[in-house]
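So the chains spell out like this:
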Amino acid sequence: YTEEDRTEDYLFKIVLIGDSAVGKSNLLSRFARDEFYPNSKSTIGVEFQTQKIKISGKEIKAQIWDTAGQERFRAVTSAYYRGAVGALMVYDISRHETFENIGRWLNELRTHSDMNVVTILVGNKSDLKDAREVTTGEGKELAEAEGLFFIETSALDSSNVSAAFQTVVGEIYNILS
Ligand code: GDP
Ligand code: MG
């Protein structure tokens, strides 16, 4: 087989989880297409985007799933979680309530998927410095207590967006290889 065929060997399903309006869809659009939507509205139907990621010289396909706004009604179905090997658990650093709800999202993830889904806690909207309601320390502490990776991102100014996805994919790859 050719080098190109070998890249087909790795396809990781990764899910975006968290309260409505924390920036899940914009993290994905920033990562996959380098686009940001200042006034994004939730779309209809479950969607995913496939993105190629290079990890230690290997090309990996990350199939990244985004909710279609059903998280507003806590109605994310088990099909959404099925087969996921990675998760980005997102809150908004400018809305403490979205951080408080992380526990519920963790329970939901653990109910619907494998216990060993590689999960990163993502504090998004780090650009909103004056509106910050969740300290970096709080985020780190929760991540440590729950055994999650941790990062703060901004889909608006792009900071750490690639790093968040790379961390999850890299760790899944480490576990499998
Ligand atoms: P979702 O419901 O979790 O998918 O959130 P969206 O991606 O639709 O984003 C909700 C709102 O937050 C939109 O108005 C976005 O423009 C805005 N938003 C998303 N990410 C960021 C960010 O990193 N910084 C700022 N300032 N706004 C953001
Ligand atoms: Mg969305």
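Please read these numbers as outputs of a predicted model, since none were measured by experiment.

Colleague: Please explain the site of ligand 1 as it appears in this structure.
Modeller: In the vicinity of ligand 1 lie 19 residues, with Gly-23, Lys-24, Ser-25, Asn-26 and Leu-156 positioned nearest. Top element by residues in the shell around ligand 1 is helix α2 (residues 24–33). It accounts for three residues. Each residue belonging to the shell around ligand 1 can be placed in one class, and the counts come to seven nonpolar, nine polar and three charged.

Colleague: What am I meant to see in α2 here?
Modeller: Given 3.6 residues per turn, any residue in an α-helix points the same way as the ones three and four places further on. Among the ten residues of α2, seven are classified as buried, and the element is accordingly described as predominantly covered. Taken as a whole, α2 has its buried residues at Lys-24, Ser-25, Asn-26, Leu-27, Leu-28, Arg-30 and Phe-31. Check the buried side of α2 and you find it contacts β1 (11–17), β2 (47–55), β3 (58–66), β4 (86–92), β5 (118–124) and α7 (161–176). Downstream of α2 by one or two residues, Asp-34 has phi in the positive range, about 55°.

Colleague: Honestly, α7 in this entry has me stumped. Any pointers?
Modeller: With 16 residues, α7 ought to run about 22 Å at 1.5 Å a step, and its terminal C-alpha atoms sit 24 Å apart, in line with that. The complete set of buried residues in α7 reads Val-161, Ala-164, Phe-165, Val-168, Val-169 and Ile-172. Down the axis of α7, the buried side of the element spans an arc of 115°, and every buried residue falls inside it.

Calculation notes
- Residues numbered from 1 in each chain as written.
- Chains lettered and ligands numbered in written order.
- Predicted model: local features only at pLDDT ≥ 70, side-chain atom pairs only at ≥ 80, totals over all residues.
- Near = placed C-beta within 6 Å.
- Helix = DSSP H or I, 4+ residues; strand = E, 2+ residues; numbered from the N terminus.
- Nonpolar A, V, L, I, M, F, W, Y, C, P; charged D, E, K, R; others polar.
- Buried ≥ 20, exposed ≤ 12 C-beta atoms within 10 Å, placed from the backbone.
- Contact = placed C-beta atoms within 7 Å.
- Expected span 1.5 Å × (residues − 1).
- Arc of directions from axis to C-beta.

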